[in-house]
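Read off the chains here:
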Amino acid sequence: MSVVVKLEDVHKSFGLVEVLRGVSFEVSAGEVVAIIGRSGSGKSTALRCINRLEKIQSGSIEVCGRRVEAPDLDLRALRQDVGIVFQSYNLFPHLTVEENIVLAPRRVKNVKGAEAHALARTALEQVGLSDKIDAYPEQLSGGQQQRVAIARSLAMSPKVMLFDEVTSALDPELTGEVLRVMEKLAKGGMTMIMVTHEMGFARRAADRVIYMHTGKVWETGTGAMLGSPQTPELKNFLANEL
Amino acid sequence: MMYTFDFSSLWAYWPEFLAGALTTLEMTFAATVLGLCIGVAGAIARGSRHAWLRVVAGGYVELVRNTPFLIQIFFLFFGLASVGVRMPVLAAAVLAMVINVGAYTTEIVRAGIEAVHPGQIEAAESLGLSVPQVYWYVILRPALERVYPALTSQFVLMMLSSSITSQISAEELTAVANNIQSITFRSLETYIVVALLYLVLTVLLKSGFWLLGQGLFPRRRRLGTPL
Amino acid sequence: MNGGFSLYYFYYLLEGMGWTVVLSALAFVVGGAAGFIVMLARISRSAALRRLVFVYVQIVQGTPLLIILFVVYFGLGIFGVEMPPLFAAGLSLMIYCSAFLGEIWRGCVEAVPRTQTEAAECLALTRWQTLRDVVLPQAARIATPPTVGFLVQVLKSTSLASVVGFVELTRAAQVINNSTFQPFLIFGIAGLLYFALCYPLSIWSRALERRLNVSRRQA
Ligand SMILES: Nc1ncnc2c1ncn2[C@@H]1O[C@H](COP(=O)(O)OP(=O)(O)OP(=O)(O)O)[C@@H](O)[C@H]1O
Ligand SMILES: [Mg+2]
C-alpha cells in the first residue's frame with residue numbers, strides 16, 4: 001500500500017514553546033487514523049502542519065510524494081490534495097451552500113457552470129443534505145453546517161482528508177449525524193486523519209489510533225489499544241475521558 | 001416688516017438648477033467609485049505586513065479626518081495652481097472629494113475586514129485558493145457586504161459636502177445657486193429651492209444605493225439580516 | 001504687503017483659531033441642548049411628535065450645512081437688521097448639531113436594555129423618573145465616545161462660517177493667502193492647527209470607546 005502522508009521527526013515551536021517534539025507517523029492510502037490526546041498535546045498543530053497552515057522548524061513531512069517543508073513547494077497543489085475540516089466549520093457566511101462548495105472547484109480547478117453544479121449536488125448527496133443546496137449557512141444547524149464543510153472539502157476530490165475535532169462544537173444528537181457521514185467516507189476508501197475526543201468512534205471507525213502526549217507520539221496501535229493501554233499516561237487519559 | 005416670498009422669478013432658471021444637480025450627481029458618482037477604490041486599497045494597506053505602508057495609510061486617514069474639507073480644497077486647488085499645475089476646477093473638486101472620502105472609506109472597509117474571522121481565511125487557503133482569490137472572495141466581498149450601510153451613508157454625506165466645492169467655483173448645484181441669487185436677488189428663495197433639490201438628491205442616492213445593495217448582496221436580499 | 005509669511009500672520013491665524021474654538025463651543029452647547037430636546041421628542045409617546053421631529057432630522061441631515069447656512073443667513077436678513085455673522089453661523093451650526101446629536105443620543109438611549117425600563121416601571125417610577133434616574137445615566141456612558149467624536153465634526157464644520165465672512169481660522173488663512181500667495185504654506189499651517197484641535201479629541205473618543213467595550217465585555 002502506498003504511503004500518502006509521512007511525518008518524520010517533526011519539530012514545531014511557537015516562540016519558545018516547543019509544541020511538536022519529534023513526531024513521526026505514516027498513513028497509507030485508504031487508511032483511517034485517529035489522533036487522540038490531552039488538550040494542548042499538539043494534535044491540531046500536527047494536523048495543521050500537514051497542509052502547511054503551520055510551518056515546521058525541522059524534520060520532514062511528505063504528502064502524496066510532495067515534501068511539504070520544501071521551499072519550492074507548490075502550496076496550492078498541496079492544498080488540492082489535502083482536504084481539512086475545522087471544529088468551527090468556517091463556512092463562508094455570505095455564500096449559499098452551493099456557492100460554498102463550488103467556489104474552490106471553479107476558481108482553482110476551472111470547473112464550469114453545469115459541471116460545478118453537478119459537483120455540488122454529488123458532494124451534498126454524500127453528506128445527506130441535497131435539500132439544502134440553496135440555503136445560507138446561518139439557516140443551518142451546526143451539524144448541517146459541518147456536513148456542508150465536509151462536502152466542500154470533498155468537492156475538491158482530495159487524496160487525504162484531515163478532521164480537527166469536527167464534532168466538539170456540536171450537541172450529542174448532531175454529533176451522530178456528522179460521525180455517520182465520516183464513517184461512510186471511511187468505508188468508501190477515503191484516506192483520513194482525524195483528531196477526535198470521541199473514543200467510541202475512534203475505536204469503531206479507525207484502523208489505527210495514535211495517542212499524542214506532550215508533543216510526541218506516545219503510543220500507537222489498533223482501536224483495541226484503547227481497551228488495553230500500555231503506558232500509564234494513556235491509561236490516565238482514557239480514565240479521564242470516560 | 002412683512003417679507004413676501006417670490007419663487008416665480010426662479011422658474012426661468014430651472015435648466016440651470018437641473019444642470020447643477022446633474023453635475024453634483026456626476027461628481028458624486030466619480031468620487032464614490034474612486035473613493036471606494038482608495039478605501040479598499042487603504043484598508044489593505046492599514047492591515048499590511050509592511051510597517052511603512054501601515055504608517056503611510058494611517059497618517060493619510062488621520063490627516064484627512066482631522067482637518068476641514070474646505071481647507072483641503074483650498075490647499076489642493078490654490079496650492080497646485082501656485083506651483084503651476086492648472087487643472088479644470090471640476091477635476092480639482094472631484095480629486096479633493098476622492099481624497100477626502102477615501103480616508104473615511106478606508107476606516108469603514110478596514111472595520112469590515114477586521115470582522116472577517118481568521119478561520120475563514122484558513123478555510124479558503126486550505127481549499128487551494130490563491131492569495132488574490134482569498135482576498136476577493138472571502139475577505140473583501142463579505143467585508144463590503146457587512147459595511148455597506150455605513151459606506152453608503154458616507155457617500156451620501158460626501159454628496160452633501162460636495163456643495164463646499166462651490167467655494168472654488170466648481171459649477172455644481174450650490175455654485176449655480178450662488179450665481180442665480182446674485183442675478184435675481186431672491187437669495188432666500190434660491191437657497192430654499194436648492195435645499196429641496198439636495199433633499200431630492202439625498203433620497204435618490206439612498207434609494208439607488210438600496211437597489212444596488214439588493215442586486216449586489218443576494219444574501220441580504222433573501223434573509224434580510226446583517227452579515 | 002507681499003512680504004511673505006511672518007510671525008504677525010501666524011498670530012492672526014492663532015486669533016482665528018480662537019474664534020473657531022469659540023464658535024465650536026457655542027454650537028456644541030446650544031446645539032447639544034436642542035439635540036437633547038430632539039432626542040426626547042424622538043422617544044416620546046406621541047407618534048405625531050415623533051414623526052414631526054423625524055422629518056426635521058431627515059431634512060437637516062439631507063441638506064448640506066452650507067445651504068443651511070445660506071438659508072439662515074438670508075432668512076435672518078429679511079428681518080432687515082444686520083445680523084453679526086457669528087449669529088448666523090452659530091444658529092446654523094446649532095440646527096446641524098441638534099439633528100445629528102439628537103439621533104446619536106436616541107440610538108444610545110435605545111441601546112439601554114428594555115428590561116431596565118421595565119424594572120424601573122415596576123418600582124412605580126414615573127416615566128420621567130425612569131428616564132432621568134435609570135435610562136439616561138446608562139445612556140450617557142454609551143453616548144460619550146460618539147459625542148466626543150462628533151465634536152471633531154463640529155470643529156471642522158465651523159470652517160464654513162468663513163463663507164459668510166466670520167473671521168475664524170479658515171477665513172483668516174484666506175485673508176493672509178490673498179496677500180502672500182503661499183497657499184501650500186498658509187493652508188498647510190491652518191490645516192495643522194485644525195489637526196491640533198481635532199486629533200486629540202479623535203484619540204480621546206477612541207480611547208473612551210475602547211474602555212466602554214472592555215467594561216461591556218466584562219459585564
Ligand atoms: N498560533 C499559536 N501561537 C502560539 N501558541 C500556539 C499556537 N497554536 C497552538 N499553540 C500552543 O501549542 C500547544 C498545542 O496546541 P494544539 O492546538 O496543537 O493542541 P491540541 O492537542 O489540538 O489541543 P486541543 O485538544 O485543546 O485542541 C498549546 O499549548 C497551544 O497553546
Ligand atoms: Mg486542537
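No experiment lies behind these values; they were computed from the predicted model shown.

Asks: Report on the site of ligand 1, specifying residues and quantitative values.
Replies: Residue and element names in this part refer to chain A. By nearness alone, every residue bordering ligand 1 is listed as Phe-14, Val-19, Arg-38, Ser-39, Gly-40, Ser-41, Gly-42, Lys-43, Ser-44, Thr-45, Glu-165 and His-197. Separating an oxygen atom of ligand 1 from a side-chain N or O atom of Ser-44 is a distance of 2.6 Å. In isolation ligand 1 offers 630 Å² of accessible surface; the protein chains occlude 57% of this area. Among the elements that make up the shell around ligand 1, the one with the highest residue count is helix α1 (residues 43-50) (3 residues). Classifying every residue of the shell around ligand 1 by side-chain character gives 2 nonpolar, 7 polar and 3 charged.

Asks: Can you break down the nonpolar core residue by residue, with the values?
Replies: If you look at the biggest cluster of nonpolar residues, it comprises 149 residues, and the most contacted ones within it are Val-5, Val-63 and Ile-193 of chain A. The element that contributes the greatest number of residues to this core is helix α6 (residues 131-161) of chain B, accounting for 15 residues. The next biggest cluster of nonpolar side chains, apart from the first, holds 50 residues, and it includes Val-127, Val-178, Phe-201 and Phe-237 of chain A.

Asks: Outline the UniProt feature "transmembrane region" (unreviewed entry) in chain B, listing residues and values.
Replies: Residue and element names in this part refer to chain B. The UniProt entry lists residues 20-44, 73-99 and 191-212 under the feature "transmembrane region" (unreviewed entry), expressed in the numbering used here. The span residues 20-44 is 100% helix and 0% strand, and its two end C-alpha atoms sit 36 Å from each other. Helix makes up 100% of residues 191-212 and strand makes up 0%, while its end C-alpha atoms are separated by 31 Å.

Asks: Can you lay out the interface of chain B and chain A for me, pointing to particular residues and giving the numbers?
Replies: Facing the 23 residues of chain B at the interface are 27 residues of chain A. For the pair chain B and chain A, the summed buried surface comes to about 2,200 Å²; carbon and sulfur atoms form 57% of the total. Area buried by chain B at its contact with chain A is led by Ser-126, Leu-127 and Tyr-137 of chain B, which between them contribute 27% of it. Here Arg-219 of chain B and Glu-138 of chain A are joined by a salt bridge, their closest N and O atoms 2.3 Å apart. Joining chain B to chain A, the criterion identifies 14 residue pairs in polar contact (both at pLDDT 80 or more). Broken down by secondary-structure element, the contributors of at least two residues to the side of chain B that touches chain A are α5 (118-126), α6 and α9 (218-223) of chain B. Here the side of chain B that touches chain A gets 7 residues from one element, more than from any other, and that element is α5 of chain B. Looking at side-chain class alone, the side of chain B that touches chain A contains 10 nonpolar, 7 polar and 6 charged residues.

Asks: An account of the UniProt feature "domain: ABC transmembrane type-1" (unreviewed entry) in chain B is needed here, citing residue identities and associated values.
Replies: Using the residue numbers shown here, the UniProt feature "domain: ABC transmembrane type-1" (unreviewed entry) corresponds to residues 21-209 of chain B. Secondary structure across residues 21-209 of chain B comprises 83% helix and 0% strand; the distance between its end C-alpha atoms is 18 Å.

Asks: Which residues make up helix α3 (residues 69-82) of chain B, and what values go with them?
Replies: Residues and elements named next belong to chain B. With 14 residues, α3 extends 19 Å between its outermost C-alpha atoms, agreeing within 8% with the 20 Å of an ideal straight helix rising 1.5 Å per residue. For α3, every residue scored as buried is listed here: Phe-69, Leu-70, Ile-71, Gln-72, Ile-73, Phe-74, Leu-76, Phe-77, Gly-79 and Ala-81. Two residues or fewer past α3, Gly-84 is found with a positive phi of approximately 90 degrees.

Thresholds applied
- Residues numbered from 1 in each chain as written.
- Chains lettered and ligands numbered in written order.
- Predicted model: local features only at pLDDT ≥ 70, side-chain atom pairs only at ≥ 80, totals over all residues.
- Heavy atoms only, no water.
- Near = heavy atom within 4 Å.
- Polar contact = N/O pair within 3.5 Å; in protein donor to acceptor, adjacent residues only side chain to side chain.
- Areas by Shrake-Rupley, 256 points an atom, 1.4 Å probe, with all protein chains shown as cover.
- Helix = DSSP H or I, 4+ residues; strand = E, 2+ residues; numbered from the N terminus.
- Nonpolar A, V, L, I, M, F, W, Y, C, P; charged D, E, K, R; others polar.
- Core = buried A, V, L, I, M, F, W, Y, C linked by side-chain atoms within 4.5 Å.
- Buried < 20%, exposed > 50% of the residue type's maximum accessible area, 1.4 Å probe, protein only.
- UniProt positions renumbered as here; feature names shortened; annotations may be inferred.
- Contact = heavy atoms within 4.5 Å.
- Buried area = accessible area lost by both parts, 1.4 Å probe.
- Salt bridge = Lys/Arg side-chain N within 4 Å of Asp/Glu carboxyl O.
- Expected span 1.5 Å × (residues − 1).

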